[in-house]
Amino acid sequence: MPRARVMVVDDEESPRESLRYILKDRYEVVTCDGGQAALNTLREQGPFDAMLLDMKMPDLSGLEVLEQALQIQSDLIVIIATAITDAKPAVAALKLGAKDYLNKPFDVDEIRHVLERALRERSSTRTGATERPDAQAYRFDNIIGQSAAMQRVYALVQRLVDNESTVLILGETGTGKELIARALHYNSVRRHHPFIAVHCAAIPSELLESELFGHEKGAFTGALQRRIGMFEAASGGTLFLDEIGEMPVATQSKLLRALQEREIRRVGGQETIRINVRLVCATNRNLEHEVRKGTFREDLFYRINVVPIYLPPLRERREDIPLLVQHFTQRFARELNRPVPTFTPAAMELLLNYSWPGNVRELEHAIERVLVVSDAMEIGVEHLPFVIANAEPTPPQPAEATLQMAPSVPRAIEVGERLEFDANGRLDLPKLTDEIERRAIEEALRRSRGVITEAARSLNITRRMLRYKMDKLGIPPPRSAAAEPQDDEDSSETVTSSPLTGS
């Protein structure tokens with residue numbers, strides 16, 4: 001098996017050569033003495049598996065290199081290495097897509113641990129997760145979170161396990177979208193069949209179609225034998241398409257056809273294969289915005305956005321942090337065969353006040369790192385990763401602050417009137433959601449005096465999407481709508497919310 005390729009980028013020779021020496025026994029290491037050299041090497045000699053990137057360089061800053069490198073290779077693992085005493089640049093790097101950070105002077109064990117973990121996670125998402133983990137790990141009472149926001153998520157997920165509706169999970173990177181997808185699967189009637197996870201951003205665009213639908217022998221150069229795709233591999237179970245917003249438009253059209261017809265053809269094949277899977281998708285993008293940009297098909301968006309679930313970022317549910325810290329501390333202490341340490345009040349306060357741009361995944365990695373590099377039984381401020389210990393406190397943000405990422409989540413649930421549950425403690429969420437959408441649309445039409453284009457703009461959706469919602473909710477078109485240009489209609493854009501099953 002070929003060794004992972006790692007690029008080390010630093011304008012100073014000493015740390016560059018130190019990292020090369022530390023890593024050369026396990027990885028193929030290429031060094032670059034500046035940001036522009038790194039970008040040129042990535043274009044000419046790529047792809048690479050990981051990049052260890054210095055933050056402060058004379059030609060291009062680490063943040064500039066990070067942003068451009070991810071445009072060249074979207075699935076590249078970038079780990080920031082910095083001696084800067086200000087934590088702000090490292091936090092900014094995490095927001096831009098860096099996987100982790102290291103502080104100079106380097107700790108050899110920490111470098112190896114951070115890189116190995118990142119490569120392991122990347123490998124598990126590239127080829128589709130076909131393993132059969134212990135279903136007990138995905139029981140609802142094993143998912144950590146007592147905040148009101150997460151309790152609403154749990155209630156909706158529990159409601160969805162008994163039906164076959166397509167689900168779209170929305171949330172920032174690291175919020176636990178795959179965990180929710182697995183909970184949906186392992187608590188459903190499909191739990192005895194496969195759960196297949198496909199990371200759309202981690203598979204080269206030219207291979208994604210073959211990965212999803214399979215291929216016949218000789219379909220393209222290198223297709224030496226028939227291979228089934230993930231739709232067939234997930235038969236009877238659940239197919240999880242992570243980061244579906246990264247899917248190329250050409251593949252989106254083929255996915256749409258598969259969902260409409262409930263059948264696929266392997267690449268290079270003529271045989272029609274019926275599919276029987278439940279589809280769960282996830283994204284950290286605002287798909288409605290991508291629809292307006294033309295990078296995501298509107299008809300496919302309708303297909304997958306049957307039931308949206310919005311996962312709030314960790315900074316909006318800080319009351320869950322102590323529970324998560326306790327959970328991860330116990331887990332990693334058990335894995336490392338060491339006693340479970342405690343955290344001092346000062347250390348816990350820093351964890352509570354940190355902004356967590358990487359969300360729960362960043363917290364998990366931080367706790368793991370602390371237990372790997374320190375044997376202390378009481379974890380203090382001095383044991384925390386540099387970025388967390390030196391970050392400025394972040395004031396609490398209102399829950400609405402990040403809903404721009406997922407405008408399909410109705411804000412009125414958060415800011416409107418008190419929600420009334422019936423005597424059995426139940427709430428008809430679909431009916432409530434429809435009522436909120438109805439009120440919003442009717443008010444937008446009233447304000448625009450019946451001009452659908454203006455109403456759609458005020459609701460931050462396309463005109464076609466507004467017409468679809470009006471039809472769905474039985475809202476009659478205003479008289480002035482007759483004077484507006486009509487949307488093109490064709491059979492490929494027919495909207496339906498039927499579940500994706502082979503029956």
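Residues numbered from 1 in each chain as written. Predicted model: local features only at pLDDT ≥ 70, side-chain atom pairs only at ≥ 80, totals over all residues. Heavy atoms only, no water.

Q: Now, about the overall build of the chain: what can you tell me, with residues and values included?
A: Within the chain, the regular secondary structure consists of 20 helices and 16 strands. Expressed as a percentage of its 503 residues, the buried residues of the chain come to 50%. Put simply, the chain shows about 24,200 Å² of open surface, and 49% of that area lies on carbon and sulfur atoms. (Helix = DSSP H or I, 4+ residues; strand = E, 2+ residues; numbered from the N terminus. Buried < 20%, exposed > 50% of the residue type's maximum accessible area, 1.4 Å probe, protein only. Areas by Shrake-Rupley, 256 points an atom, 1.4 Å probe, with all protein chains shown as cover.)

Q: Please set out the nonpolar core residue by residue, giving values where relevant.
A: The biggest cluster of nonpolar side chains holds 53 residues, and the ones touching the most others in it are Met51, Leu53, Phe343, Leu351 and Trp356. Apart from the residues within four sequence positions on either side, Phe343 is in contact with Val325, Thr329, Met348, Leu351, Ile367, Ile379 and Leu384. (Core = buried A, V, L, I, M, F, W, Y, C linked by side-chain atoms within 4.5 Å. Contact = heavy atoms within 4.5 Å.)

Q: Could you give me a rundown of the sheet that holds strand E2 (residues 28-32), with the residues and numbers involved?
A: Within the open sheet, the 5 strands sit side by side as E2-E1-E3-E4-E5. Their pairing is parallel. Strands at the two margins of the open sheet, each flanked by one partner only, are E2 and strand E5 (100-103). Each strand axis lies, on average, 20° off the axis of its neighbour in the sheet, ignoring direction. Here strand E3 (residues 50-54) runs beside strand E4 (residues 77-82); their pairing, made up of 5 bridges, is parallel. The residue of E4 that forms the bridge with Leu53 is Ile80. Against the sheet, helix H2 (residues 35-45) makes contact with strand E1 (5-9), E2 and E3, and its axis sits at roughly 160° relative to E1, the strand it touches most. (Pairing = 2+ DSSP bridges. Axes fitted to C-alpha atoms, helices over the stretch in contact; angles between N-to-C directions.)

Q: Can you tell me about the side chain of Asp54, naming the residues and giving the values?
A: Mapped onto the elements of the fold, Asp54 is located in strand E3. Residues within four places of Asp54 in sequence aside, it is in contact with Val9, Asp10, Asp11, Gly62, Ala81, Thr82 and Lys104.

Q: Which residues make up the state of the cysteines, and what values go with them?
A: Two cysteines joined by a covalent bond between their sulfur atoms form a disulfide. A full pass over the atoms with the stated rule returns 0 disulfides. Here Cys200 is not cross-linked by a disulfide; its sulfur's nearest cysteine counterpart is in Cys281, at 7.7 Å. By relative accessible area, Cys200 is classed as buried at 3%. The class of Cys281 is buried, set by a relative accessible area of 0%. (Disulfide = S-S within 2.5 Å.)

Q: How would you summarise the packing of aromatic side chains if you had to cite specific residues and measurements?
A: Evaluated as defined, the whole model comprises 6 aromatic pairs. Taking the centre distance of 6.4 Å and the plane angle of 50° together, the rings of Phe301 and Tyr302 count as tilted. For Arg5, the ring lying beneath its charged end belongs to Phe48, and the centroid distance is 4.1 Å. The positively charged end of Arg369 is found above the aromatic ring belonging to Tyr101, 4.9 Å away from the centroid. (Phe/Tyr/Trp six-rings, centres within 6.5 Å; stacked < 30°, edge-to-face > 60°. Lys NZ or Arg CZ within 6 Å of the ring centre and 35° of its normal.)

Q: Got a sec to walk through the packing of H2 against helix H3 (residues 62-72)? Specific residues and values, please.
A: Contact pair H2 / H3: the axes reach a minimum separation of 10 Å and the direction vectors enclose 5°. Relative to H3, the element H2 lies roughly parallel. When H2 is examined against H3, the residues Gly35, Leu39, Leu42 and Arg43 are found in contact with a partner set consisting of Val65, Gln68, Ala69 and Ile72. (Parallel < 35°, antiparallel > 145°, perpendicular 65-115°, else oblique.)

Q: Got a sec to walk through helix H10 (residues 249-261)? Specific residues and values, please.
A: Residue pairs spaced three or four apart in an α-helix point in one direction, given the helix's 3.6 residues per turn. An ideal rise of 1.5 Å per residue puts 18 Å on 13 residues; H10 measures up with 19 Å between its terminal C-alpha atoms. If you check which residues of H10 are buried, you get Thr251, Gln252, Leu255, Leu256, Ala258 and Leu259. Buried residues along H10 cover an arc of 160° about the axis, so they all sit on one side. In the stretch just after H10, Arg262 is the one whose phi turns positive, near 55°. (Expected span 1.5 Å × (residues − 1). Arc of directions from axis to C-beta.)

Q: Report on the sheet that holds strand E7 (residues 195-199), specifying residues and quantitative values.
A: Taken in spatial order, the 5 strands make up an open sheet running E7-E10-E13-E6-E14, and their pairing is parallel. Of all strands in the sheet, those with a lone pairing partner are E7 and strand E14 (307-310), marking the two edges. Looking at each pair of strands side by side, their axes are set apart by 20° on average, direction ignored. Bridge count for strand E10 (residues 238-242) against strand E13 (residues 278-283) is 4 bridges, and the pairing is parallel. Each residue of the ladder has a partner; that of Phe240, found in E13, is Val280. Across the sheet, helix H6 (residues 148-160) touches strand E6 (167-170), E13 and E14, and the angle it forms with E14 is around 150°.

Q: Provide a residue-level description of unusual backbone geometry, including the pertinent values.
A: Between Gly46 and the following residue, Pro47, the backbone shows a cis peptide bond with an omega angle of 5°. Position of Pro47 relative to the elements: it lies in the loop between H2 and E3.

Q: Report on the pairing of E7, specifying residues and quantitative values.
A: With 5 of 5 residues buried, E7 lies mostly within the body of the structure. Of the two faces of E7, both are covered, the one formed by Phe195, Ala197 and His199 as well as the one formed by Ile196 and Val198. Two elements, E7 and E10, share 5 bridges in a ladder whose sense is parallel. Looking at the pairing, Ala197 lines up with Phe240 of E10.

Q: Tell me about the packing of helix H13 (residues 321-335) against helix H14 (residues 345-353), residues and numbers included.
A: Running from N to C, H13 and H14 point in directions that differ by 115°, and their axes come no closer than 10 Å. Considering only the axes of H13 and H14, their crossing is right-handed. Residues Ile321, Pro322 and Val325 of H13 form the contact with H14, whose participating residues are Met348, Leu351 and Leu352. When grouped by side-chain class, the residues that make up the contact of H13 with H14 number 6 nonpolar, no polar and no charged. (Left-handed = near helix turned anticlockwise from the far one by under 90°. Nonpolar A, V, L, I, M, F, W, Y, C, P; charged D, E, K, R; others polar.)

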